[in-house]
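So the chains spell out like this:
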Amino acid sequence: EYVFDIGEVRRAVAAVPGDKPQRIEVENIASFSFPATAIVAGDGWSQREMPVYSFRLVYPDKTAIIDTALSEELGGSNLVAFNADAFERMNKAMEEASFIVITHEHMDHIGGITAHPNLAGILPHTKLTAEQLSQPARSLPARFEDGALEGFEPLTYDRLMVIAPGVVLIEAPGHTPGSQMIYVQLQDYSEYLFVGDVAWQYRNILTQRQRARLVTQFFLNEDRAAVFGQLAALHALSEAEPEIAIVPGHDGEIVGQLVEAGRLTEGFSLAAN
């Protein structure tokens, strides 16, 4: 069982004063392609695209990054698309950001950090949790060079933590030890929940079916019971609070709908911070 108390999250946000983000921007950095059943068990063998995203929170006076995708080198032959311009925009945005957070420590979420050409410059405002750094093998082939994290102090928190006005980290271990959901409330009180790879696509939540067992146990080494509990909690949340934009880790359809509805802005506008 996984308990997601949206009331508790909202109260935590309300208790922290300050300007909340004005908007959220998104960059599609790369794409994988997997059989549908690898994404949602039982969905067949047709290929389904798996976009890789980075998100940027734009405050009145600062910016922040959620997830940092991966470099073309890290993705290698597994990638079916890579947008070098988007990757460069993300790299620049990371240098300008007041803070950087990731939903979890897999290479397609942490890889932009490990591959950044100015790692020493971005680490002081990068907020990685102790769990996200506890098992470096989970991030491979993304890795920090020896000594790069010397003196780095990871975040530790219990259940949830407000890290900036309108932004809450919520523990959700299972997909990886360091998996967390990231709740964002904008100035207009619209709400978003970035769930990382608890759900690769929204259909995982809709059907309450996760990845095929072959993928979860033998490739990802997930805690399947924990992920099932999180999917059930997200399904209940989606029914009780349909206005909350739940954003899975790799769902082009959902992200496209949010862009079309004006709830996400396509492309990082680096002049706006």
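Everything numeric in this text was worked out from a predicted model, so none of it was measured.

### Here we look at the overall build of the chain
On a plain count of helices and strands, the chain comes out with 10 helices and 11 strands. In terms of C-alpha radius of gyration, the chain reaches 17 Å, essentially the compact-globule figure of 19 Å for 273 residues. Among the 273 residues that make up the chain, the fraction classed as buried is 55%. The contacts of the chain with a sequence gap of at least 6 include a subset with a gap of at least 24, amounting to 69%. Element-wise, carbon and sulfur atoms account for 50% of the exposed surface of the chain, whose accessible area totals about 11,700 Å². For the chain, the separation between the mean place of its 19 positive charges and that of its 37 negative charges on side chains is 4 Å.

### Examining empty space enclosed by the protein
Summed over the entire model, instances satisfying the criterion amount to one cavity of 30 Å³ or more. By volume, the largest cavity is sized at about 60 Å³. Contributing to the lining of the largest cavity are 14 residues, with Phe-55, Asp-67, His-109, Pro-248 and Gly-249 lying nearest its centre. Listing elements by their share of the lining of the largest cavity, those giving two or more residues are strand 2 (47-58), helix 5 (107-114), strand 9 (191-196) and strand 10 (245-248). Across the lining of the largest cavity, the residue classes tally to seven nonpolar, five polar and two charged.

### Details of the pairing of strand 1 (residues 23-35)
Each regular strand shows side chains that alternate between the opposite faces of the sheet. Here strand 1 runs beside strand 2; their pairing, made up of 12 bridges, is antiparallel. Directly across from Phe-34, in strand 2, lies its bridge partner Arg-48.

### Concerning the sheet that holds strand 7 (residues 167-171)
As summarised here, the arrangement of the five strands in space is 6-7-8-9-10, forming an open sheet in which the pairing is mixed. Looking along the sheet, the strands with just one partner apiece sit at the ends: strand 6 (160-164) and strand 10. When strand polarity is set aside, the average angle formed by the axes of neighbouring strands in this sheet is 20 degrees. Pairing analysis gives four bridges linking strand 9 to strand 10, with the strands arranged parallel. Looking at strand 10, one finds that Gly-196 is bridged to Pro-248.

### Focus: the pairing of strand 9
The element strand 9 is extensively covered by neighbouring structure, given that six of its six residues are classed as buried. Every second residue of strand 9 is oriented toward a common face, with Glu-191, Leu-193 and Val-195 on one face and Tyr-192, Phe-194 and Gly-196 on the other, all of them buried. Bridge count for strand 8 (residues 180-185) against strand 9 is four bridges, and the pairing is antiparallel. Among the inter-strand pairings, Val-184 is bridged to a residue of strand 9, identified as Tyr-192.

### Some details on the packing of aromatic side chains
For the structure shown, the criterion picks out five aromatic pairs. An angle of 50 degrees between the planes, with centres 5.5 Å apart, marks the rings of Phe-34 and Trp-200 as tilted. Highlighted residues: Phe-34 in strand 1 and Trp-200 in the loop between strand 9 and helix 7 (202-207), separated in sequence by 166 residues. Residue Phe-34 is classed as partly exposed on the basis of its relative accessible area, which comes to 25%. One aromatic cluster is present, formed by Phe-32, Phe-34 and Trp-200 through successive ring pairs. Between Arg-211 and the ring centre of Trp-200, over which it is positioned, the NZ or CZ distance is 4.7 Å.

### Quick look at a nonpolar patch on the surface
There is a patch of nonpolar side chains on the surface, built from Leu-214, Phe-218 and Phe-219 and spanning about 410 Å² of accessible area. Counting through the fold element by element, Phe-219 comes out in helix 8 (residues 213-219). For Phe-219, a relative accessible area of 64% corresponds to the exposed category.

### Focus: the environment of His-109
Assignment of secondary structure puts His-109 in helix 5. Beyond its immediate stretch of four places on either side in the chain, His-109 contacts Asp-67, Thr-68, Ala-69, Ile-102, Thr-103, His-104, Asp-197 and His-250.

### What about the pattern of salt bridges?
Under the counting rule described, the total for this entry stands at 13 salt bridges. Among the salt bridges present, the one from Arg-10 reaches Glu-191, with a minimum N-O distance of 2.7 Å. You can see Arg-10 sitting in helix 1 (residues 6-14) and its partner Glu-191 sitting in strand 9, a full 181 residues away along the chain. Using a relative accessible area of 9% as the deciding quantity, one classes Glu-191 as buried. With its nearest N and O atoms 3.8 Å apart, the salt bridge here joins Arg-56 to Glu-96.

Criteria and cut-off values
Position numbers for residues start from 1 in each chain and track the written sequence from start to end. Local features in this predicted model are restricted to residues whose pLDDT is 70 or higher, and side-chain atom pairs enter the listing and the counts only when it is 80 or higher, whereas totals over whole chains, interfaces and linings include all residues. Side-chain measures here rest on the full set of heavy atoms in the structure, leaving out hydrogens and waters. Counting from the N terminus, the helices are DSSP H or I runs at least four residues long and the strands are E runs at least two residues long. Radius of gyration: C-alpha atoms only; globule rule: 2.2 Å multiplied by the number of residues to the exponent 0.38. A 1.4 Å probe rolled over the protein chains alone gives each residue an accessible area, and that area as a share of the maximum for its type sets the label: buried under 20%, exposed over 50%, partly exposed in between. Residues count as neighbours in contact if any of their non-hydrogen atoms are within 4.5 Å of one another. A 1.4 Å probe and the Shrake-Rupley method give the accessible areas. Residues count as covered only by the protein chains that appear here. Counted as positive: Lys and Arg. Counted as negative: Asp and Glu, with His and the chain ends omitted from the count. Lysine's charge is taken at NZ, arginine's at CZ, aspartate's at CG and glutamate's at CD. Both site types are read off a 1 Å grid over the protein atoms alone. A 1.4 Å probe that fits but cannot get out defines a cavity, while an open set with protein on both sides within 12 Å along at least five of seven lines defines a pocket; lining residues have an atom within 4 Å of a point. Grid points are joined across faces, edges and corners, and a volume is the space filled by probe spheres set on the points. Throughout, the ten residues Ala, Val, Leu, Ile, Met, Phe, Trp, Tyr, Cys and Pro are labelled nonpolar, Asp, Glu, Lys and Arg are labelled charged, and all others, Gly among them, are labelled polar. Each pair of strands is called paired provided DSSP finds at least two bridges between the two strands. For helices, the axis comes from a line fit to the C-alpha atoms of the stretch in contact; other axes are also lines fit to C-alpha atoms, and the angle between any two N-to-C directions lies between 0 and 180 degrees. For Phe, Tyr and Trp, rings pair up if their centres lie within 6.5 Å, where Trp contributes its six-membered ring, and each pair is then called stacked (planes under 30 degrees apart), edge-to-face (over 60) or tilted (otherwise). Ring-over charges, as used throughout, are those where CZ of Arg or NZ of Lys falls within 6 Å of the ring centre and within 35 degrees of the ring normal. Within this analysis, patches are made of residues with over 30% relative accessible area and no salt bridge. Like charges are joined at 9 Å or less; nonpolar side chains (Val, Leu, Ile, Met, Phe, Trp, Tyr) at 5 Å or less. Just to be clear on terms, a salt bridge is a Lys or Arg side-chain nitrogen sitting within 4 Å of an Asp or Glu carboxyl oxygen.

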